[in-house]
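Given next are the chains, with one letter for each unit.
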Amino acid sequence: MAAAPRCHRTHDGFHVIGPTGLIVRRVERARTSDELAAAKAAIDKGQTKYVAPAGTLELRQAIAAAIDFPELVANVSNGLGKPNNSPVYMTSKYYGEVEKQGFTYDPAKARELLQKAGYKGEKVLLMAASNSSSLSPIGAVAADMLKRIGMDVEVYMVEFNAMLQRRNRRGTVAEGGWSLFVTNWVGMDWLNPAVHTALRGNGSYAGWFESPRIEGLRDQWFTAPDEAAQQAICRD
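In this text the structure is predicted, and so the values were computed from the model without any measurement.

## Looking at helix 6 (residues 212-223)
Inference 1: Taking 1.5 Å as the rise per residue, helix 6 with 12 residues should run 16 Å; its terminal C-alpha atoms sit 17 Å apart, in good agreement.
Inference 2: Within the span of helix 6, buried status applies to Ile-214, Glu-215, Leu-217, Arg-218 and Trp-221. The buried residues of helix 6 all sit within an arc of 160° when viewed along its axis, so they share a single face. Pointing more than 90 degrees away from the buried face of helix 6 are the exposed residues Pro-212 and Thr-223.
Inference 3: At its buried positions, helix 6 is contacted by helix 7 (227-235).

## Some details on the confidence of the model for the protein chain
Inference 1: Overall, the predicted model of the protein chain reaches an average pLDDT of 76, with 76% of residues at or above 70.
Inference 2: Counted against residues more than four places away or in other chains, residues 1-51, with its pLDDT under 50, gives 254 contacts.

## Some words on the packing of helix 1 (residues 57-66) against helix 3 (residues 107-117)
Inference 1: Running from amino to carboxyl end, helix 1 crosses helix 3 at an angle of 165°, the nearest separation of the two axes being 8 Å. Considering the angle they form, helix 1 stands roughly antiparallel to helix 3. Crossing of helix 1 against helix 3: the hand is left-handed. Where helix 1 abuts helix 3, its residues Glu-58, Leu-59, Gln-61, Ala-62, Ala-65 and Ala-66 lie against Pro-107, Ala-110, Leu-113, Leu-114, Lys-116 and Ala-117.
Inference 2: Class assignment of the residues belonging to the contact of helix 1 with helix 3 gives a composition of 9 nonpolar, 1 polar and 2 charged.

## Some thoughts on the environment of Met-127
Inference 1: Position of Met-127 relative to the elements: it lies in strand 4 (residues 123-129).
Inference 2: Assessed through its relative accessible area of 0%, Met-127 is described here as buried.
Inference 3: Spatially, the C-alpha atom of Met-127 lies 6.2 Å from that of Leu-180, the residues being 53 residues apart in sequence.
Inference 4: Excluding anything up to four places from it in sequence, Met-127 contacts Tyr-156, Met-163, Arg-166, Arg-167, Trp-178, Leu-180, Phe-181 and Val-182.

## Some details on the packing of aromatic side chains
Inference 1: Applying the stated criterion across every chain, the model contains 4 aromatic pairs.
Inference 2: Relative to Phe-181, the ring of Trp-178 lies with its centre 5.4 Å away and its plane at 75°, an arrangement referred to as edge-to-face.
Inference 3: Look at Trp-178 and Trp-208: their rings are 6.1 Å apart centre to centre, the planes differ by 50°, and that puts the pair in the tilted class. Here Trp-178, found in the loop between helix 5 (160-167) and strand 6 (180-183), pairs with Trp-208, found in the loop between strand 6 and helix 6; they are 30 residues apart in sequence, far enough to count as distant.
Inference 4: The exposure class of Trp-178 is buried, given its relative accessible area of 0%.
Inference 5: By the ring-pair criterion, three or more aromatic residues cluster together here, those being Tyr-94, Trp-221 and Phe-222.
Inference 6: Here the guanidinium or amino end of Arg-166 rests over the ring plane of Tyr-156, the centre of that ring lying 4.6 Å away.
Inference 7: Geometry around Tyr-205 places Arg-167 over its ring, the cationic atom sitting 5.6 Å from the centre.

Parameters at a glance
Residues numbered from 1 in each chain as written. Predicted model: local features only at pLDDT ≥ 70, side-chain atom pairs only at ≥ 80, totals over all residues. Heavy atoms only, no water. Helix = DSSP H or I, 4+ residues; strand = E, 2+ residues; numbered from the N terminus. Expected span 1.5 Å × (residues − 1). Buried < 20%, exposed > 50% of the residue type's maximum accessible area, 1.4 Å probe, protein only. Arc of directions from axis to C-beta. Contact = heavy atoms within 4.5 Å. pLDDT = per-residue confidence, 0-100. Axes fitted to C-alpha atoms, helices over the stretch in contact; angles between N-to-C directions. Parallel < 35°, antiparallel > 145°, perpendicular 65-115°, else oblique. Left-handed = near helix turned anticlockwise from the far one by under 90°. Nonpolar A, V, L, I, M, F, W, Y, C, P; charged D, E, K, R; others polar. Phe/Tyr/Trp six-rings, centres within 6.5 Å; stacked < 30°, edge-to-face > 60°. Lys NZ or Arg CZ within 6 Å of the ring centre and 35° of its normal.

This is the structure:
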């Protein structure tokens, strides 16, 4: 839910992927080198470009501050996972010091930001797949954390394909739309900008984020003369 998705932290405090921003905490599982599934928390603030209440910077920052990612990962991975502070996979050659920057869990700050955002108890719908042993607990834990800061969160727990159908809707929650969803990816999907489906600014990923700058950086990555130049682009 930041202004623009990048290979690392965004200027307003968290990673973005997708439309109006995707708060991402990928989690590497200790048992495999290329899997994020069991405990990855990718919480997408979708629809915020179009639908209140998640359309303000302060509210998106409040959500970021409300999520205790180490606790979430520990709860859903049975202690086997560890948070990744970037949408770039930890074993990728594009993962560096910038990607290691983390988020600060601060529920008091989150409540303050909610007030600044003018949040007045609007319904926030968080979607999670009921038939996923990783996504359903991630959704439940994340929803509880958001409720702790005073958000009115409804958890929409349905079979994965049914969730995807609702995810395609761009209306308000009352019109059958949504506010957030949890998802997961395998590391091979996020190794670099060429294969990173969600790291786009062309409105193609759920939430429909658009950023000419992000698309421009991606184009530059393809034409960069060497690996060092590509890494510099990812830092940007």
